[in-house]
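So you can see what is in the structure, the chains are spelled out below.
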Amino acid sequence: MTMKERRIDMSKVTREEIYELAKSKSGELIKLVSDLIRIPSENPTGTQREVVDFVKNYLTEAGIPCEEVSCNPEYPCVLAKIGSDEGFSVILNGHVDVVPAGDREQWDFDPFSGEVTDKLILGRGTSDMKAGVAGLLFAMKILAESKAELNGNIRLHIVSDEESGGEYGSRWLCENGYADGGNACLIAEPTSNNTIEIGQKGGLHLVLKSKGKSAHGSLGGFKGDNAIIKLSRVLDKLQALTKIQGHYKDSQANALKNSKLIAEQEIGEPGIGEVISHVSANVGIINGGTRPNMVPDYCEAIVDVRLPIGVDHQEIIDTVNSCLEGTEGIECEFHWKSEGNYTEETEAIVQAIKKNAEKLWGFEVIPAYQWASSDAREYRALGIPTIQYGPSNTEGIHSYNENVDIEDAVNASQIYVLSLCDLMGIQ
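Before going into details, it helps to say that this report is about the structure given with it. (Residues numbered from 1 in each chain as written. Predicted model: local features only at pLDDT ≥ 70, side-chain atom pairs only at ≥ 80, totals over all residues. Heavy atoms only, no water.)

1. Examining the environment of Leu206
Okay, so step 1: Position of Leu206 among the secondary structure elements: in strand β8 (residues 202–211).
Okay, so step 2: C-alpha separation for the pair Leu206 and Asp304, spaced 98 residues apart in sequence, amounts to 6.5 Å.
Okay, so step 3: In contact with Leu206, not counting residues within four places along its chain, are Leu238, Ala301, Ile302, Val303, Val305, Val320, Cys332, Glu333 and Phe334. (Helix = DSSP H or I, 4+ residues; strand = E, 2+ residues; numbered from the N terminus. Contact = heavy atoms within 4.5 Å.)

Spelled out as structure tokens, the structure:
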């Protein structure tokens, strides 16, 4: 058989046949999730070495070439690719590090048991995000096993540093050319099964430093200049930041409306939906003084500021400067992390996931924005249309008794398979 004949024969593999193959192997997907959970990969208290080796072995056994790359040996990444060098290029991204399990007495089960019940898979990282990672690995294996001819390529980015900020994971990959040429990116981070994350807020850490004049504590209020009190007056004024609203295009109105409704439903606080469209400011750390019997001459506060889509740096700087007017001895520093970022609803990756998720679940799946942030910002900064869609039970994420529904994990993996078929031109 000539190479041309072989390509024609391979192209006869249909989308429906690939879907049936994925369904027939659902048990493998469930076992894969459980196997990943049983490998502790806490960050920053543990190591990702074993889980990264597991991922590489899984890909190798599936006949998918892979390589390990890193700028820090403690946080390796795994890359893989199937398909041709030409055509549409889809990046699949997931992290294998998990937050620490914490106090084991607070768990109703072993957080690293990977126990499978009638309806659930149990353990740290099930929802955030090893079930999603398993879905990506499984989808890539199914497509490789089907031997379908891809009209493009699928690239895998598995990272081991997301929970501590991503400096050695997705950020490093994007900054060093590993995402270049990507036409779409799917991150299997946890979402509700009826929500596709297509945008998120940006952020910065605002550091305020107050300098006063020390004196004996017995003279407080009469002598010296209390740096803590001076800074507290400014911190109270920073609520002015929360009056700043995002700037959205007409094409974003639907996603903005969806996002506010989701926030109201998930958080349950009246009016909380406005957190999507407004700046938020949280005074998270404050340090000042050395002894109770001394008037403090120094105080420092770190404020976590989240920026909705469309808010630029100057709006933040102008508002902070306004809060500092009339004060002396207070300095501020702006440590910018990211801008608000988004993907348009009309992008192929959004529509593929939406179509297939709605078909499998039988209800509407809506694109929406997120009030937090993730590695999606790194790919969007390169102009790559990026979404998040992954299986989860959100109440256990970063908490105790984390779990994921088996149905969610299985359906997500099949949604990935079908969407990749669509993006790769498999009919």
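On we go from here.
2. Thoughts on the pairing of strand β2 (residues 77–83)
Two faces, one strand: in a regular strand the side chains alternate between the faces of the sheet.
Okay, so step 1: Most of β2 sits out of view: 5 of its 7 residues are buried.
Okay, so step 2: Where strand β1 (residues 66–69) lies against β2, 4 bridges are found, and the strand directions are antiparallel. Pairing of Cys66 across the sheet is with Ala80, part of β2.
Okay, so step 3: Pairing of β2 with strand β5 (residues 152–159) involves 6 bridges; the strand directions are antiparallel. Bridge pairing in β5 places Val78 opposite Ile158. (Buried < 20%, exposed > 50% of the residue type's maximum accessible area, 1.4 Å probe, protein only. Pairing = 2+ DSSP bridges.)

3. Re the layout of surface pockets
Over the atoms rolls a probe the size of a water molecule, and in doing so it shows where empty space is left.
Okay, so step 1: Taken as a whole, the largest pocket holds about 1200 Å³ of empty space.
Okay, so step 2: At the level of secondary structure, the elements contributing two or more residues to the lining of the largest pocket comprise β7 (195–200), α8 (253–267), β11 (330–338), β13 (366–370) and α12 (376–380).
Okay, so step 3: Of the residues contributing to the lining of the largest pocket, the split by class is 10 nonpolar, 13 polar and 16 charged.
Okay, so step 4: As a volume, the second largest pocket reaches approximately 260 Å³.
Okay, so step 5: What lines the second largest pocket is a set of 14 residues, and nearest its centre among them are Ile82, Gly83, Ala144, Ala148 and Leu150. (1 Å grid on protein atoms, 1.4 Å probe; cavity = no way out; pocket = protein on both sides within 12 Å on 5 of 7 lines; lining within 4 Å. Points joined across faces, edges and corners; volume = space filled by probe spheres on them. Nonpolar A, V, L, I, M, F, W, Y, C, P; charged D, E, K, R; others polar.)

4. Quick word on the side chain of Ser34
Okay, so step 1: Mapped onto the elements of the fold, Ser34 is located in helix α3 (residues 26–37).
Okay, so step 2: Assessed through its relative accessible area of 6%, Ser34 is described here as buried.
Okay, so step 3: The contacts of Ser34, once residues within four sequence positions are left out, are Gly114, Val116 and Ile121.

5. Quick look at empty space enclosed by the protein
Okay, so step 1: A full pass over the atoms with the stated rule returns 3 cavities of 30 Å³ or more.
Okay, so step 2: Looking at the largest cavity, the residues that line it are Lys201, Gly202, Gly203, Leu204, Asp304, Arg306, Lys337, Ser338, Ser373 and Arg377.
Okay, so step 3: Contributing elements (two or more residues each) for the lining of the largest cavity: β8, β10 (298–307) and β11.
Okay, so step 4: Looking at which element gives the most residues to the lining of the largest cavity, the answer is β8, with 3 residues.
Okay, so step 5: Of the volumes computed, that of the second largest cavity is approximately 50 Å³.
Okay, so step 6: It is helix α13 (residues 406–423) that contributes the most residues to the lining of the second largest cavity, 3 residues altogether.
Okay, so step 7: Partitioned by chemical class, the residues of the lining of the second largest cavity number 5 nonpolar, 5 polar and 1 charged.

6. Observations concerning the sheet that holds strand β9 (residues 280–288)
Okay, so step 1: Pairing is antiparallel in the open sheet, where 4 strands are placed in the order β9-β10-β8-β11. Strands at the two margins of the open sheet, each flanked by one partner only, are β9 and β11. Pairwise comparison of adjacent strand axes, ignoring direction, gives a mean angle of 15° for this sheet.
Okay, so step 2: Both β8 and β11 contribute to a ladder of 8 bridges, which runs antiparallel. Within the sheet, the bridge partner assigned to Gly203 lies in β11 and is Ser338.
Okay, so step 3: Seen against the sheet, helix α10 (residues 313–324) touches β8, β10 and β11 and runs at an angle of roughly 160° to β11. (Axes fitted to C-alpha atoms, helices over the stretch in contact; angles between N-to-C directions.)

7. Notes on the nonpolar core
Okay, so step 1: Within the largest apolar cluster, 72 residues are counted, with the highest numbers of intra-cluster contacts made by Ile154, Leu156, Leu186, Tyr389 and Tyr416.
Okay, so step 2: With 11 residues, the top contributor of residues to this core is helix α5 (residues 126–146).
Okay, so step 3: Not counting the four nearest positions on each side in its chain, Leu156 is found in contact with Leu59, Val78, Leu79, Ala80, Leu92, Leu136, Leu137 and Met140. (Core = buried A, V, L, I, M, F, W, Y, C linked by side-chain atoms within 4.5 Å.)

8. Points about the pattern of salt bridges
Okay, so step 1: Inspection of every chain in the model, using the stated rule, returns 24 salt bridges.
Okay, so step 2: For Lys25, the salt bridge is made with Glu28, and the minimal N-O distance between the two is 3.4 Å.
Okay, so step 3: Residue Lys25 is classed as buried on the basis of its relative accessible area of 18%.
Okay, so step 4: Among the salt bridges present, the one from Glu68 reaches Arg49, with a minimum N-O distance of 2.6 Å. Here Glu68 is found in strand β1, whereas its partner Arg49 is found in helix α4 (residues 49–61), with 19 residues between them in sequence.
Okay, so step 5: For Glu68, a relative accessible area of 33% corresponds to the partly exposed category.
Okay, so step 6: Bridged by salt links that share partners, the residues Lys25, Glu28, Lys141 and Glu145 form one connected network. (Salt bridge = Lys/Arg side-chain N within 4 Å of Asp/Glu carboxyl O.)

9. Things to note about the packing of aromatic side chains
The description of an aromatic ring pair rests on the distance of the ring centres and on the angle between the ring planes.
Okay, so step 1: Evaluated as defined, the whole model comprises 7 aromatic pairs.
Okay, so step 2: Consider the rings of Trp107 and Phe109, whose centres lie 5.6 Å apart with planes at 75°: the pair is edge-to-face.
Okay, so step 3: With relative accessibility at 17%, the residue Phe109 sits in the buried group. (Phe/Tyr/Trp six-rings, centres within 6.5 Å; stacked < 30°, edge-to-face > 60°.)

10. Regarding α10
Okay, so step 1: In this model, α10 (12 residues) spans 17 Å end to end at C-alpha, consistent with the 16 Å of a helix rising 1.5 Å per residue.
Okay, so step 2: Sitting at the head of α10, Asp312 places a side-chain oxygen 3.2 Å from the backbone nitrogen of Gln314.
Okay, so step 3: Within two residues after α10, Gly326 carries a phi angle of roughly 85°, on the positive side. (Expected span 1.5 Å × (residues − 1). Polar contact = N/O pair within 3.5 Å; in protein donor to acceptor, adjacent residues only side chain to side chain.)

11. Notes on the packing of helix α2 (residues 15–24) against α5
Okay, so step 1: Their axes nearest at 10 Å, the elements α2 and α5 cross at an angle of 125°. By the angle class used here, α2 and α5 are oblique. By crossing handedness, the relation of α2 to α5 is classed as right-handed. Contact residues: α2 offers Ile18, Leu21 and Ala22, while α5 offers Phe138, Ile142, Leu143, Glu145 and Ser146. (Parallel < 35°, antiparallel > 145°, perpendicular 65-115°, else oblique. Left-handed = near helix turned anticlockwise from the far one by under 90°.)

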